[in-house]
Amino acid sequence: MSKNTFTFINNRTGKKYDFDILDATRGPSVVDISTFYKKTGMFTFDVGFTSTASCSSEITFIDGEKGELRYRGLTIEELAQNHSYLEVCYMLLNGKLPNADELLGFDLELRHRSFLDEDLKKLIDSFPDRAHPMAILSSGVSALSSFHFEHLDIEDKEENQEMARRIIAKIPTIAAFSFRKSLGIPMIYPDIDRSFTENFLYMLRAYPGGKMKRTKEGSREIRDIEIKALDTIFTLHADHEQNASTTTVRNVASTGAHPYAAISSGISALWGRAHGGANESVIAQLEMIGEVKNVDKFIEKAKDPNDNFRLMGFGHRVYKNFDPRAKVLKSLQDQLKDELNLDSKLMEIATKIEEIALKDEYFISRNLYPNIDFYSGVILTALRIDRPMFTPIFVIGRTVGWITQLMELQGSKEFKIARPRQLYIGK
Ligand code: ACO
């Protein structure tokens, strides 16, 4: 038996089977069990994939024990501090940061592609008022595949890049239209003179006809500090290796479905409270707690095994230490405190929860630390973004990750339909 194999012994039969160990460039090695059934006649069983690597990938690395996150080898702290979201997008798609010319070309192309076909606008218009923007967004993105039904030639690299740039550019417009539709107010077309992030805030905030409100001081309505804060939030959400929504995108794409249909499924997967929907739930929960004096009572509820109440924004499947994205957001929150109108009451409650939970045996023993969603809601509220838009903002940031992962799958030797097996326990 070599050091590079893992031996499985079936104690029922005494038979031994060797499986290759594959080494990672960072993080744990894996045991290649792709021949497990063929060799042993049994399946492996891993509900929720807690020990299963579903693919190999060069895009994002997470060390959950250390609280480390890297895109293409660069740390999230370095990227959030020194690079714009569009630079990060370019890097995820192309494997390297852009030079000035490449960034300009990429930026201009996204601006030009941000418009929607009028028929798609009509479709969005036909949703009921007060529909949740996530429902409109996932349907709108699925419908986008009927407007751009080409994009199916996975061998064509240029076509793939165009497909990726198109979806990254259009998602903010669909998200902003979805929001305005949910309020029953007229949609605002993209403004090509504004940057990616500024344009999104503009499409949310402008009055019909594109007019912007002037502040008392007569300054521009969208402040640079707001653009920077939202841009950082997009960067922090850009990719997160094989999370539930990315795995969904890969699984749907593995059948050969249209890339935008796969992204639409990722949006649906993200919506749940256990995943991207948590950012909306955090603020709802802070408001429900209402007063600092009530925090203890809710901490006790979260610890009670007979109560299914959970502290939203706490815990993570992979991070067993502070979520590094949460650290960046916490320091962003501190920087913004004086500049933006951060809700001091919500912040006080959040600070108290964090203070208690970080010292409490229940949370310590289960490695439950604040995750990205714990902080993003307070910042988004200060940016005057309504709560139902929190998860769509996660979608905007994550689209580049989904599409990069999808293209990686399509270009790899592992491109194979995802088809797990089961332990049958029925009649
Ligand atoms: N509050 C209270 N207890 C918790 C919490 C929480 N937020 N999260 C986990 N626990 C407890 C569980 O009750 C369980 O306790 P037990 O061992 O006594 O039964 C233990 O910690 C392990 O929990 P699991 O649910 O098994 O952990 P899992 O890795 O499956 O879940 C998840 C991770 C879904 C993120 C979970 O921590 C959670 O529900 N958190 C709240 C929702 C949230 O913030 N989601 C955002 C995740 S980040 C993102 O998607 C961007």
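Residues numbered from 1 in each chain as written. Predicted model: local features only at pLDDT ≥ 70, side-chain atom pairs only at ≥ 80, totals over all residues. Heavy atoms only, no water.

Visitor: Looking at this model, I keep getting lost on the nonpolar core. Mind explaining?
Guide: Among soluble globular proteins, nonpolar side chains are generally buried collectively. Core analysis: the biggest nonpolar cluster contains 112 residues, and Tyr71, Phe200, Leu230, Ile267, Leu286, Ile353 and Ile385 have the highest contact counts within it. What tyrosine 71 contacts, discounting residues up to four positions off in sequence, is Ile59, Thr60, Ile76, Leu79, Val88, Met91, Leu92, Thr235, Leu236, His237, Ala238 and Asp239. (Core = buried A, V, L, I, M, F, W, Y, C linked by side-chain atoms within 4.5 Å. Buried < 20%, exposed > 50% of the residue type's maximum accessible area, 1.4 Å probe, protein only. Contact = heavy atoms within 4.5 Å.)

Visitor: I'm lost on the layout of surface pockets in this one. Help?
Guide: Over the atoms a probe the size of a water molecule is rolled, and this reveals where empty space is left. The volume enclosed by the second largest pocket comes to roughly 350 Å³. Together, 15 residues line the second largest pocket, and Lys157, Asn160, Met407, Glu408 and Gly411 are the ones closest to its centre. Taken together, the residues that form the lining of the second largest pocket break down as five nonpolar, five polar and five charged. (1 Å grid on protein atoms, 1.4 Å probe; cavity = no way out; pocket = protein on both sides within 12 Å on 5 of 7 lines; lining within 4 Å. Points joined across faces, edges and corners; volume = space filled by probe spheres on them. Nonpolar A, V, L, I, M, F, W, Y, C, P; charged D, E, K, R; others polar.)

Visitor: How should the site of the ligand be read in this particular structure?
Guide: Inspection of the region around the ligand gives 20 residues, with Arg310, Leu311, Gly313, Phe314 and Tyr362 positioned closest. Separating a nitrogen atom of the ligand from a side-chain N or O atom of tyrosine 362 is a distance of 2.9 Å. At 3.0 Å, a side-chain N or O of asparagine 371 approaches an oxygen atom of the ligand. Relative to its unbound accessible surface of 930 Å², the ligand loses 71% to contact with the protein. (Near = heavy atom within 4 Å. Polar contact = N/O pair within 3.5 Å; in protein donor to acceptor, adjacent residues only side chain to side chain. Areas by Shrake-Rupley, 256 points an atom, 1.4 Å probe, with all protein chains shown as cover.)

Visitor: How should I be thinking about the environment of cysteine 89 in this particular structure?
Guide: Examined against the element boundaries, cysteine 89 turns out to sit in helix α3 (residues 85-94). In the structure, cysteine 89 is positioned 76 residues away from arginine 165 in sequence and 9.4 Å away in space, judged by C-alpha atoms. (Helix = DSSP H or I, 4+ residues; strand = E, 2+ residues; numbered from the N terminus.)

Visitor: Please clarify how empty space enclosed by the protein should be interpreted in this entry.
Guide: In the structure shown here, the tally under the stated rule is one cavity of 30 Å³ or more. Here the largest cavity defines a volume of roughly 120 Å³. Forming the walls of the largest cavity are 16 residues, and the residues nearest its centre are Leu110, Arg111, Ser114, Phe196 and Asn199. Of all elements in the fold, only α4 (100-112), α7 (157-183) and α8 (196-205) reach the threshold of two or more residues within the lining of the largest cavity. By residue class, the composition of the lining of the largest cavity is eight nonpolar, four polar and four charged.

Visitor: Hey, could you run me through helix α5 (residues 118-125) in this one?
Guide: One turn of the α-helix equals 3.6 residues, which is why residues spaced by three or four share an orientation. Along α5, the residues classified as buried are Leu120, Lys121 and Ile124. Here the buried residues of α5 occupy an arc of 105° about the axis, which is enough to place them on one side. Packed against the buried residues of α5 are α6 (133-147) and α7. Residue aspartate 117 occupies the N-cap position of α5, its side-chain oxygen lying 2.8 Å from the main-chain nitrogen of aspartate 119. (Arc of directions from axis to C-beta.)

Visitor: Would you mind showing me how to read the side chain of histidine 258 here?
Guide: With respect to the secondary-structure elements, histidine 258 resides in the loop between α10 (244-253) and α11 (259-271). By relative accessible area, histidine 258 is classed as buried at 10%. A polar atom in the side chain of histidine 258 sits 2.7 Å from the backbone oxygen of histidine 148. Among all residues touching histidine 258, those that are not within four sequence positions of it are Ser145, His148, Phe149, Glu150, His151 and Leu152.

Visitor: Sorry if this is basic, but what is going on with the pairing of strand β2 (residues 16-22) here?
Guide: Within a regular strand, side chains alternate between the sheet's two faces. Where strand β1 (residues 5-9) meets β2, five bridges bridge the pair, whose relative direction is antiparallel. Within β2, the position partnered with phenylalanine 8 by the bridge is tyrosine 17. Linking two consecutive strands that pair antiparallel, namely β1 and β2, is a turn of six residues; a positive phi of about 80° is found at glycine 14 within it. Note that β2 and strand β3 (residues 30-31) share two bridges and pair antiparallel. If you follow leucine 22 over to β3, its bridge partner there is valine 30. (Pairing = 2+ DSSP bridges.)

Visitor: Quick question: what am I supposed to make of the packing of aromatic side chains here?
Guide: One pair of aromatic rings is described through two measures. These are the centre distance and the angle between the planes. Enumeration according to the criterion identifies 16 aromatic pairs in this entry. With a centroid separation of 5.3 Å and 50° between ring planes, the pair formed by tyrosine 85 and phenylalanine 234 is classed as tilted. On the criterion of sequence distance, the pair formed by tyrosine 85 in helix α3 and phenylalanine 234 in helix α9 (residues 224-237) is long-range, its members being 149 residues apart. Considered together, tyrosine 85 and phenylalanine 234 belong to a single accessibility category, that of buried residues. Aromatic pair phenylalanine 314 and phenylalanine 363: ring centres 5.8 Å apart, planes at 65°, arrangement edge-to-face. Of this pair, phenylalanine 314 sits in the loop between α13 (295-303) and α14 (324-336) while phenylalanine 363 sits in helix α16 (residues 361-365), and the two are 49 residues apart along the sequence. Taking the relative accessible area as the measure of exposure, phenylalanine 314 reaches 11% and is therefore buried. Looking at phenylalanine 363, the relative accessible area reads 3%, which means it is buried. (Phe/Tyr/Trp six-rings, centres within 6.5 Å; stacked < 30°, edge-to-face > 60°.)

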